[in-house]
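Understanding the architecture of this molecule
Spelled out, the chains give:
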Amino acid sequence: MTHDPTTATRTATPGSADARDAPPRGGFAGVTVPRHLARGAVGFGALAGSLALLPVTGPASLLLAPVGLIALRGCPMCWAIGLVETVSAGRLRRSCAEGRCDLTRARP
């Protein structure tokens, strides 16, 4: 399994055990749900703090906004989509045969 630092994704070598066992993940999915929730807490906390501290510290508090956006990987909606993808990763399987695709639950 290799790690691509530019996209922060892990890719498995085709045919390896990692490729067969790894659940498919979307482009916004995190590694684990707790880590994804921690990123959300940091991101939303920094965004809220940048606005809440504006009357106290002035424009300097706006320096927290980029920190929040980086933690959320660009936007709050992207983080929310990633949360859904992280939670659902490996729970559903798509199989296509003869021009028809079916979505089934993965067996534990």
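The residue count restarts for each chain, going from 1 along the sequence in the order it is written. Where totals are concerned, whole chains, interfaces and linings use all residues; where local detail is concerned, this predicted model gives features only for residues with pLDDT of at least 70, and gives and counts side-chain atom pairs only at 80 or more. Processing note: side-chain calculations cover all non-hydrogen atoms of the structure and skip hydrogens and water entirely.

A run of DSSP states H or I qualifies as a helix once it reaches four residues; a run of E qualifies as a strand once it reaches two. Both are numbered from the N-terminal end. Helix span, expected: 1.5 Å multiplied by one less than the number of residues in the helix. Relative to the 18 Å expected for 13 residues at 1.5 Å per residue, helix α5 (residues 76–88) spans 19 Å between its end C-alpha atoms, a close match to the ideal helical length. Of the positions making up α5, those classed as buried are C78, W79, G82 and T86. Along the axis of α5, the buried positions cluster into a sector of 95 degrees, meaning they face one direction only. Relative to its buried face, α5 has exposed residues pointing more than 90 degrees away, namely M77 and V84. Contact between two residues is taken to exist if any of their heavy atoms lie within 4.5 Å; hydrogens are not considered. Against the buried residues of α5 lie α2 (33–52). The rule is simple: take the accessible area with a 1.4 Å probe, protein chains only, and divide by the maximum for that residue type; under 20% is buried, over 50% is exposed, in between is partly exposed. When we speak of the arc, we mean the arc of directions from the helix axis to the C-beta atoms.

Another point: the packing of α2 against α5. Lines fitted to C-alpha atoms define the axes here, with helix axes fitted over just the stretch in contact, and angles between the N-to-C directions of these axes take values from 0 to 180 degrees. Closest axis-to-axis distance for the α2/α5 pair is 10 Å, and the angle between their directions is 165 degrees. Judged by the inter-axis angle, α2 sits roughly antiparallel to α5. The handedness of the crossing between α2 and α5 is left-handed. Between α2 and α5, the residues in contact are V33, H36, L37, R39, G40 and F44 and P76, W79, G82, L83, T86 and V87, respectively. Should an angle fall under 35 degrees it is called roughly parallel, over 145 degrees roughly antiparallel, and 65 to 115 degrees roughly perpendicular, with every other angle called oblique. In this scheme the handedness of a crossing depends on how the near helix is turned from the far one: anticlockwise by less than a right angle means left-handed, clockwise means right-handed.

It is worth spelling out the pattern of salt bridges at this point. A pairing counts as a salt bridge when a side-chain nitrogen of Lys or Arg comes within 4 Å of a carboxyl oxygen of Asp or Glu. Within the structure shown, the criterion is met by 1 salt bridge. Here D102 makes a salt bridge to R100, at a shortest N to O gap of 3.7 Å.

Let's shift gears to the confidence of the model for the protein chain. On average, residues of the protein chain carry a pLDDT of 78, and 73% of them reach 70 or more. Long-range and interchain partners of residues 15–20, a stretch whose pLDDT sits below 50, account for 6 contacts in this model, where long-range means more than four residues apart. For every residue, the pLDDT score states the predictor's confidence, bounded by 0 at the bottom and 100 at the top.

Within the secondary structure layout, F28 lies in the loop between α1 (17–21) and α2. We classify F28 as partly exposed; its relative accessible area is 37%. Taking the C-alpha atoms as reference points, F28 and E85, separated by 57 residues in sequence, lie 7.0 Å from one another. Apart from residues lying up to four places away in sequence, F28 is in contact with H36, R73, C78, I81, G82 and E85.

In plain terms, two cysteine sulfur atoms within 2.5 Å form what is called a disulfide here. Inspection of the entire model under this criterion finds 2 disulfides. Here C75 engages in a disulfide with C78; their sulfurs sit 2.4 Å apart. Torsion about the S-S bond of the C75 and C78 cystine: about 85 degrees, corresponding to right-handed handedness. Using a relative accessible area of 23% as the deciding quantity, one classes C75 as partly exposed. With relative accessibility at 19%, the residue C78 sits in the buried group. Between the sulfur atoms of C96 and its disulfide partner C101 the distance amounts to 2.0 Å. Taking the torsion about the S-S bond as the criterion, the C96 to C101 disulfide, at about 105 degrees, is right-handed. In the protein chain, the bonded cysteines, numbered by position in the sequence, are linked as 1-2, 3-4.

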